[in-house]
Amino acid sequence: MPFDSPDTGLFSDDTHTRRCIWCQATPAYQHYHDHEWGFPVVDDRRLFEKICLEGFQAGLSWLTILNKREAFRQAFAHFDIDKVAGFTDSDVARLLGDAGIVRHRGKIASAINNAKKALELRDEFGSLAAFLWRYEPARSSRPKRVTYEAVKAMSVSAESTAISKDLKKRGWTFVGPTTMYALMQAMGLVNDHFEGCSVRDAALAARKNLQLP
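Definitions and cut-offs
Residues numbered from 1 in each chain as written. Predicted model: local features only at pLDDT ≥ 70, side-chain atom pairs only at ≥ 80, totals over all residues. Heavy atoms only, no water. Helix = DSSP H or I, 4+ residues; strand = E, 2+ residues; numbered from the N terminus. Rg over C-alpha atoms; globule rule 2.2 N^0.38 Å. Buried < 20%, exposed > 50% of the residue type's maximum accessible area, 1.4 Å probe, protein only. Contact = heavy atoms within 4.5 Å. Areas by Shrake-Rupley, 256 points an atom, 1.4 Å probe, with all protein chains shown as cover. Lys, Arg positive; Asp, Glu negative; His and termini not counted. Charge placed at Lys NZ, Arg CZ, Asp CG, Glu CD. Phe/Tyr/Trp six-rings, centres within 6.5 Å; stacked < 30°, edge-to-face > 60°. Lys NZ or Arg CZ within 6 Å of the ring centre and 35° of its normal. Axes fitted to C-alpha atoms, helices over the stretch in contact; angles between N-to-C directions. Left-handed = near helix turned anticlockwise from the far one by under 90°. Nonpolar A, V, L, I, M, F, W, Y, C, P; charged D, E, K, R; others polar. Salt bridge = Lys/Arg side-chain N within 4 Å of Asp/Glu carboxyl O.

Novice: Just to check I follow, could you spell out the overall build of the protein chain for this structure?
Specialist: The helix and strand inventory of the protein chain stands at 12 helices and two strands. Written out in order from the N terminus, the α and β elements of the protein chain read β-β-α-α-α-α-α-α-α-α-α-α-α-α. Rg of the C-alpha trace for the protein chain: 17 Å, near the compact-globule value of 17 Å for 213 residues, within the 12% margin. With the C-alpha coordinates aligned to their principal axes, the bounding extent of the protein chain is approximately 50 × 35 × 25 Å. The proportion of buried residues among the 213 residues of the protein chain is 49%. Contacts spanning at least 24 positions in sequence make up 64% of the contacts within the protein chain whose residues lie at least 6 apart. Carbon and sulfur atoms make up 52% of the accessible area of the protein chain, which amounts to about 10400 Å² in all. Averaging the positions of the 29 positive and the 26 negative side-chain charges in the protein chain gives two centres separated by 3 Å.

Right under this line is the structure:
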């Protein structure tokens, strides 16, 4: 699968479909890129899953987490916020013994803590989605062209820093600015598919048709 050019950040497969280079490794990664990453999400369960998985990803590759996602879903009650908020010490012990997930005590405790905090946030804003979509960047704050070089330079943003600060103030953990920018990309709060990527226009259209919470 060759690069289209050294600086586009794109690659082409055998059907000449152009995708962002970061998903080149496996078909599953490409499926995630084509159907999920950058597409807007307003479902609270899916958003909570993304927050949790981005937290577990800290220090690891996203492909590692993606390959374990089904095991994470089974382990964390399919990321039902109410159920995870009710996890006990016995659940922590169960999760620490589950080889299918990342067995990191601090990250496991964080997911449970954040579920409890998500319930408080839901009571205040109506939904986790309503809280997060308040931080959608203004078009003027985004790069005029979303290129490989532009995205590479944006591991954080003013909005991801603001989300991080707000959530930390509310008692959330593993929600640093870099993690929150990755969340913004994953949930479609920003569309960081590179110019020329075959999926970019579909993600833009999905956002245009989105009804905000």
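Novice: When you look at the packing of aromatic side chains in this model, what are you seeing that I'm missing?
Specialist: Working definition: an aromatic ring pair is given by the centre-to-centre distance plus the angle between the planes. Applying the stated rule across the entire model yields 13 aromatic pairs. Seen in terms of ring centroids, F56 and F72 are 4.8 Å apart; in terms of plane orientation they differ by 55°. Their pairing is tilted. Here F72 lies in helix 4 (residues 69-75) and F56 lies in helix 2 (residues 44-57), a separation of 16 residues in the sequence. Overall, F56 belongs to the buried group, its relative accessible area being 1%. Put simply, the rings of F48, F56, F72, F76, F79 and F87 touch in pairs and so form one group of aromatic residues. The side chain of R94 reaches across the aromatic face of F87, ending 5.3 Å from its centre.

Novice: Sorry, what's going on with the side chain of Q185 here?
Specialist: Here Q185 lies in helix 11 (residues 177-186). Overall, the relative accessible area of 13% leaves Q185 in the buried class. Beyond its immediate stretch of four places on either side in the chain, Q185 contacts W37, G38, V151, V190 and D192.

Novice: Can you help me understand the packing of helix 10 (residues 158-169) against helix 11 in this one?
Specialist: Closest axis-to-axis distance for the helix 10/helix 11 pair is 8 Å, and the angle between their directions is 115°. The two elements helix 10 and helix 11 meet at a crossing, and its hand is right-handed. Here helix 10 contributes E159, S160, T161, I163, S164 and L167 to the contact with helix 11, which in turn contributes P177, M180, Y181 and M184. Here the contact of helix 10 with helix 11 is built from residues that sort into six nonpolar, three polar and one charged.

Novice: Could you clarify how one ought to interpret unusual backbone geometry in this entry?
Specialist: Glycine aside, negative phi is the norm for most residues, and most peptide bonds take the trans geometry. A positive phi angle is found at H78, which is not glycine, with a value near 55°. For H78, the position within the fold is in the loop between helix 4 and helix 5 (81-85). For H78, a relative accessible area of 38% corresponds to the partly exposed category. Positive phi, close to 60°, is recorded for F79, a residue that is not glycine. Along the polypeptide, F79 turns up in the loop between helix 4 and helix 5.

Novice: Sorry if this is basic, but what is going on with the pattern of salt bridges here?
Specialist: A side chain of one charge can pair with a side chain of the opposite charge if their charged atoms are brought near each other. Tallied over the entire structure, the rule returns 17 salt bridges. For R19, the salt bridge is made with D13, and the minimal N-O distance between the two is 2.8 Å. Between K117 and E120 there is a salt bridge, with its nearest N and O atoms 4.0 Å apart. Placement of both K117 and E120 in helix 7 (residues 105-125) is noted, with a separation of three residues, approximately one turn of the helix. Judged by relative accessible area, K117 falls into the partly exposed class, the value being 23%. E120 gets classed as partly exposed once you look at its relative accessible area, which sits at 47%.

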